[in-house]
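One-letter residues, chain by chain:
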Amino acid sequence: MPLSPDHIPADLLPVMEALTRVGRDVAAIIARGALGDSLSVEVGENSDGDGQKALDVMADEMFEAALRDTAVRFYASEEQEGVLDLGAGKYALAIDPLDGSSNIDVNVSIGTIFSIFEAKDGAEESFLRPAGEQVAGGYIVFGPQTGMAVTFDDGVLIYAMDPETGEFVLVETDKKIPAATKEYAINASNRRHWVSGAKAYIEECEAGETGAKGKNMNMRWVASLVAETHRILTRGGVFLYPADARKGYENGRLRMLYECAPIAFLIEQAGGAAHDGEVRILDKTAPELHARTPFIFGSSDEVASVKAHYEA
Ligand SMILES: O=P(O)(O)OC[C@H]1O[C@](O)(COP(=O)(O)O)[C@@H](O)[C@@H]1O
Ligand SMILES: [Mg+2]
Ligand SMILES: [Mg+2]
């Protein structure tokens, strides 16, 4: 099913068609759930030492195969150690083929996150550059409804997949996030490990109307970055995955290239903000393909308040 070319740069249309075609097929596999093969069985480990589930590997293979016929030259995946050279083409695409792996077998929203740069001559240099140089960033969410949010540096487009046709239909052309919010998202089980700025901000949220905020806050944690982003794009909110004292979490958990850069691009295009506690994500350059970064994003007032707590 072709995508409507409205609002999509012509050069990127075949890339977006490949992504949504695979999105439709992955959605169908997920929808069969327990009726099909187990999607959550551990099949190995990626180069980061993360366990790989069957659906992580399957989705990666499906996206890689579909993008081979497009203008994507370099393919960098969370599930693969190095960059693949797919042949001729002017783009470099980074992907988290399946985000929210812990939710695969519990029927909770999961997703795919993608980031596109214009390719340079070399594979790694095409990705290890300021995140602000992305030409597109977005995600596909597999939930009660399958949908997509994407930016081409000109606002945020929202698509809904029609379950009867598998077609991704444009439903909003300029999604905006409210500046103020009463909702925050953080994995509070790690509180004792957090850096002090995150601790201080969350204490203020918990104090509600009895503290400096003067308003009560509500908390949500899905453990699928795509689902949290979709909620924040839809009704506002702030998300934090801070650096913490656990081994391997010195820069938080989320990967700069496959997760934070494209989400930050979307969020800023929707009027929100994204930083690592100090530095704007779009001003950062990943030092290596699988590098992580602390990540705070969402409604601009709260994201600014988090920064003030880090600086205090
Ligand atoms: O289990 P935790 O520490 O709460 O982390 C949850 C985070 O990890 C992730 O699942 C990481 O992504 P992957 O599933 O692609 O590895 C995010 O989607 C989510 O925000
Ligand atoms: Mg992920
Ligand atoms: Mg993943």
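What you are looking at is a predicted structure, and each value in this text was computed from that prediction instead of being measured. Per chain, residues are indexed from 1 in the order of the written sequence. Chains and ligands are labelled by the order in which they are written, letters from A for the one and numbers from 1 for the other. Confidence filtering applies because this is a predicted model: local features only for residues at pLDDT of at least 70, side-chain atom pairs given and counted only at 80 or more, and all residues used for totals across whole chains, interfaces and linings. Hydrogens and water are ignored here; the side-chain numbers use all heavy atoms of the structure.

**Student:** Tell me what's going on with the packing of aromatic side chains, and back it up with residues and numbers.
**Tutor:** Between the rings of Phe, Tyr and Trp (Trp by its six-membered ring), a pair exists once the centres lie within 6.5 Å; its type follows the angle of the planes, with under 30 degrees stacked, over 60 edge-to-face, and the other angles tilted. A full pass over the atoms with the stated rule returns six aromatic pairs. Seen in terms of ring centroids, Phe-117 and Phe-127 are 6.4 Å apart; in terms of plane orientation they differ by 90°. Their pairing is edge-to-face. Remark: Phe-127 occurs in the loop between strand 6 (110–118) and strand 7 (136–142) and Phe-117 occurs in strand 6; sequence separation between them is 10 residues. We note that Phe-117, like Phe-127, is buried. Among the aromatic residues, those joined into a ring-pair cluster are Trp-221, Phe-239, Tyr-241, Phe-295 and Phe-297. Whether a charge lies above a ring is judged from NZ of Lys or CZ of Arg, which has to be within 6 Å of the ring centre and within 35 degrees of the ring normal. It is Arg-246 that lies over the ring of Tyr-249; its NZ or CZ is 3.6 Å from the centre. For helices the rule is a DSSP run of H or I covering at least 4 residues; for strands it is a run of E covering at least 2, with both sets numbered from the N terminus onward. The buried label applies to any residue whose accessible area, calculated with a 1.4 Å probe on protein chains only, is under 20% of its type's maximum; exposed applies above 50%, and partly exposed to all values in between.

**Student:** Tell me about the coordination of the magnesium ion (ligand 3), and please be specific about residues and values.
**Tutor:** Distances from the magnesium ion (ligand 3) to its protein donors, namely Glu-78 (OE), Asp-96 (OD) and Leu-98 (O), fall within the range 2.2 to 2.5 Å. Counted as donors are the N, O and S atoms within 2.8 Å of the metal, or 3.2 Å for Na, K and Ca, while water is not among the atoms, so some sites may look incomplete. Written as a sequence motif, the donor residues of the magnesium ion (ligand 3) are E-x17-D-x1-L. Distance-wise, the magnesium ion (ligand 2) is placed 3.7 Å from the magnesium ion (ligand 3), both being coordinated by Asp-96. Here the residue Glu-78 occupies a position in the loop between strand 3 (72–77) and strand 4 (84–85), and Leu-98 occupies one in strand 5 (residues 91–99), the gap between them amounting to 20 residues.

**Student:** Describe the UniProt feature "binding site: substrate" (unreviewed entry) in the protein chain, with residues and values.
**Tutor:** UniProt positions are given in the numbering used here, feature names are shortened, and annotations may be inferred rather than shown by experiment. Within this numbering scheme, the UniProt entry marks Asp-99, Gly-100, Ser-101, Ser-102 and Asn-187 as carrying the feature "binding site: substrate" (unreviewed entry). Mapped onto the elements, Gly-100 comes out in the loop between strand 5 and strand 6. The buried category is assigned to Gly-100, whose relative accessible area is 10%. Residue contacts are counted whenever heavy atoms from the two residues lie within 4.5 Å of one another. In contact with Gly-100, not counting residues within four places along its chain, are Ile-110, Ala-223 and Ser-224. Mapping Asn-187 onto the fold places it in the loop between strand 11 (183–185) and helix 3 (196–207). Beyond its immediate chain neighbours, meaning those up to four positions away, Asn-187 contacts Trp-194 and Trp-221. Whenever a nitrogen or oxygen atom comes within 3.5 Å of another N or O atom, the pair is scored as a polar contact, on the condition that within protein one atom can donate a hydrogen and the other can accept it, and that pairs from neighbouring residues in sequence are kept only if both atoms are in side chains. Of the polar contacts made by the side chain of Asn-187, one reaches the side chain of Ser-189; its length is 2.6 Å.

**Student:** Explain the packing of helix 4 (residues 225–235) against helix 5 (residues 256–269) residue by residue, including any values.
**Tutor:** Axes are the key here: two packed helices are described by the angle between their axes and the distance separating the axes. At a closest axis distance of 11 Å, the pairing of helix 4 and helix 5 adopts a crossing angle of 10°. Classified by the angle between their axes, helix 4 and helix 5 sit roughly parallel to one another. In this structure, helix 4 uses Leu-225, Thr-229, Ile-232 and Leu-233 to contact helix 5, whose residues at the interface are Glu-259, Ile-263 and Ile-267. Lines are fitted to the C-alpha atoms to define the axes, a helix being fitted only along its stretch in contact, and any angle between axes, read from their N-to-C directions, falls within 0 to 180 degrees. Should an angle fall under 35 degrees it is called roughly parallel, over 145 degrees roughly antiparallel, and 65 to 115 degrees roughly perpendicular, with every other angle called oblique.

**Student:** Could you give me a rundown of the domain arrangement of the protein chain, with the residues and numbers involved?
**Tutor:** As annotated, the domain borders come from an automatic or database domain assignment. By the assigned domains, the protein chain splits into domain 1 (10–172) and domain 2 (183–311). Measuring from the centre of the C-alpha atoms in domain 1 to the corresponding centre in domain 2 gives 22 Å. Contacts between the two partners involve 48 residues from domain 1 and, on the opposite side, 31 residues from domain 2. Two parts placed together each lose some accessible area under a 1.4 Å probe, and adding up what both lose gives the buried area. Both faces combined, the contact of domain 1 with domain 2 buries some 2,800 Å², and carbon together with sulfur accounts for 64% of it. On the domain 1 side of the interface with domain 2, the three residues burying the most area are Ile-113, Leu-128 and Tyr-139, jointly 20% of the side's total.

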